[in-house]
Structures are given as C-alpha cells and as structure tokens.
Amino acid sequence: MGNALDNVHKLYLEGIAGGNAREAVLKYTGHRYTQHSTGVGGGAEGFLAFFEPFVDRNPKREIEIVRSFQDGPWVFCNAYQDLNDGAARWVTTDLFYTDPDGLILEHWDTIAPFVAETASGEDMVRGATKVDPTADTGASKALVLDYTKLVLQEGHHDRLESFVAEDLVQHAPGIAAGRAGLAHWLASGEAGRYEMLFKLIGAGDFVVTYGKRHADGADYARFDLYRVENGRIVEHWENEETISPRADWGNSGKF
C-alpha cells in the first residue's frame, strides 16, 4: 500500500508546518482529493485557498505528529499545533483514504482547542504513542466495535466493566479519571447520544472511531482513540467539533 503513512506526514510537515502547501498537495494527493473539513474547499485548489493564507497569517508554526497508524488504505493522524508562540494551540485528528500508490484521495478531520486543564488531570494529547505490533488488531477492533454499539449507542452502561479497565487513563478533557469517571459522564446529559459510527480502523493495540453524537441540541463530529490491553480499553483520547450549518460548508460535509 505505497507510502501512505509517509505521505500523510509529509503533507502535514512539508505542506503546512514547512509552508510549502502547493508543492506538497500536488505531490502527495492522487487523481482526486475529496475534502470533508468543512471550512476547506474541495480538491487541491480548495486546500491551497485555505492553507496559503493560513501560512501567511501564522508565520510561526510548530506542528507535532503525536501518533499515527495505517490500516490498509486508511491512515489516522493525531497532531498538536502551536501557532505564533502559543497564541493559538490546537489538537487535530485526521482520517485519510489513499490509493494503491499511497497517494491521498480523501480527508476527514476534527479540530479543537488544546485544553491545558482536563477533568482527569491527564494531558489532552500525551500518553502512549507507539503501536504495539504484537497486539491482535482484529481483537482490538472487535472490542471497540462492540463497546461502541452496546455502550455508546444502545446505552448498556451496565456492560462498561466488560470493555473498560477500572484504571482507564482518560485524556478526554471533560471526562474524569478511570472507569468511574467515564461511567459518570455517560450517565450525565453531557454525553448525549452517539448516533452514527462512520468508520473504525485499527493497528495492533490502537483503534480509532469516527462518528457523530448529538448533545444539548448540537451535532458533533467526533474521533475516539482507544488503546486496548488484555481485552479491555486502558487509554482513551477524544477530539470533536460542532458540525456547522450546511450553508457554511465548503464541500459535501463532515461525513
């Protein structure tokens, strides 16, 4: 499957961090570039219309790819951005679909402000970063799929112990530590309803889901990243953004 993971890294680090947006987008995308980041237009020209002014507005761009992995033609990337000496700090999660040569054909993302003080005390982006290649990818994906369906979508919160370790390391900014913190959040009105699972991919002990939840009258596009160990979810990160009104989309939408 080509050099898909490398191409994603290079699009970020050469095109955005390095300020060479035009060269990078033409080099690392394929015969089409379908865009789902709703503030960005479609194709290479839409990418350039957004990122060339972005580079001009933000002369100091420190971008760190914290973790990434590949599952067939799919690539997940989690990055931390510090712009203009801390004037803005963002966490981005991206999903890419690539062709057999590893060139990028389609892109989905969510972008959220970095939260320095989380409910659990854990850093929003830190924690484990490397995939355990000895872990059973299929088993990890099956566990997270069942958890998403039974607990998040169907509301069987009494099944939480079957999927989540008691000492869960929680990085989601608004959720307290451990399985108890997750249970409290799920039982609250804040969690809302997890309405749609759009995509699930994984590698070794890491699994990511991308879907939509509804809470407090708003729809959110949401990535959940899980690390699995000994048949339980032991670490969790999330990143989400409010889905803007359709009239404001620059393309076909978040999904």
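Data block above holds the structure.
What counts and what doesn't
Residues numbered from 1 in each chain as written. Predicted model: local features only at pLDDT ≥ 70, side-chain atom pairs only at ≥ 80, totals over all residues. Heavy atoms only, no water. Buried < 20%, exposed > 50% of the residue type's maximum accessible area, 1.4 Å probe, protein only. Helix = DSSP H or I, 4+ residues; strand = E, 2+ residues; numbered from the N terminus. Pairing = 2+ DSSP bridges. Core = buried A, V, L, I, M, F, W, Y, C linked by side-chain atoms within 4.5 Å. Salt bridge = Lys/Arg side-chain N within 4 Å of Asp/Glu carboxyl O. 1 Å grid on protein atoms, 1.4 Å probe; cavity = no way out; pocket = protein on both sides within 12 Å on 5 of 7 lines; lining within 4 Å. Points joined across faces, edges and corners; volume = space filled by probe spheres on them. Nonpolar A, V, L, I, M, F, W, Y, C, P; charged D, E, K, R; others polar. Contact = heavy atoms within 4.5 Å. Polar contact = N/O pair within 3.5 Å; in protein donor to acceptor, adjacent residues only side chain to side chain.

Caption draft 1: Summary view of the pairing of strand β8 (residues 206-215). A large share of β8 lies buried, amounting to nine of its ten residues. Two elements, strand β7 (residues 193-203) and β8, share nine bridges in a ladder whose sense is antiparallel. Its bridge partner being in β8, Leu200 is matched across the sheet by Thr209. Between β7 and β8, which pair antiparallel and follow one another directly, the connecting turn spans two residues, one of which, Gly204, has a positive phi of 60°. With ten bridges joining them, β8 and strand β9 (residues 218-229) adopt antiparallel strand pairing. Within β9, the residue paired with Phe206 across the bridge is Arg227.

Caption draft 2: Seen up close, the nonpolar core. Within the largest apolar cluster, 24 residues are counted, with the highest numbers of intra-cluster contacts made by Leu11, Tyr12, Ile16, Val25, Tyr33, Phe47 and Phe96. Those elements that provide at least two residues to this core are α1 (4-17), α2 (21-28), α3 (43-57), β2 (61-71) and β3 (74-83). The dominant element in this core, judged by the number of residues it contributes, is α3, at six residues. Counting residues in each nonpolar core, the second largest holds 21 residues, with Leu143, Leu186, Tyr226 and Val228 among its members.

Caption draft 3: Looking closely at the pattern of salt bridges. Per the counting criterion, the structure on display carries 17 salt bridges. Measuring nitrogen to oxygen at the nearest pair gives 2.5 Å for the salt bridge that ties Glu195 to Lys212. Here Glu195, found in strand β7, pairs with Lys212, found in strand β8; they are 17 residues apart in sequence, far enough to count as distant. By relative accessible area, which is 35% here, Glu195 ends up partly exposed. A salt bridge links Lys254 to Glu241, with the shortest nitrogen-to-oxygen separation between them at 3.2 Å. Here Lys254, found in the segment after β10 (232-242), pairs with Glu241, found in strand β10; they are 13 residues apart in sequence, far enough to count as distant. The burial state of Lys254 is the same as that of Glu241; both residues are buried.

Caption draft 4: Geometry of empty space enclosed by the protein. Scanning the entire structure with this criterion turns up three cavities of 30 Å³ or more. Reported here for the largest cavity is a volume of approximately 70 Å³. Surrounding the largest cavity, 13 residues form its lining, Asn78, Thr93, Trp237, Glu238 and Asn239 being those nearest its centre. Taken together, the residues of the lining of the largest cavity break down into eight nonpolar, three polar and two charged.

Caption draft 5: A look at the environment of His171. Summarising the element assignment, His171 is placed in the loop between β6 (164-170) and α6 (178-187). Those residues in contact with His171, other than ones at most four positions away along the chain, are Thr118, Glu122, Asp123, Met124, Arg126, Gly127, Glu235, His236 and Trp237. From its side chain, His171 meets the backbone oxygen of Asp123 in a polar contact 2.6 Å long.

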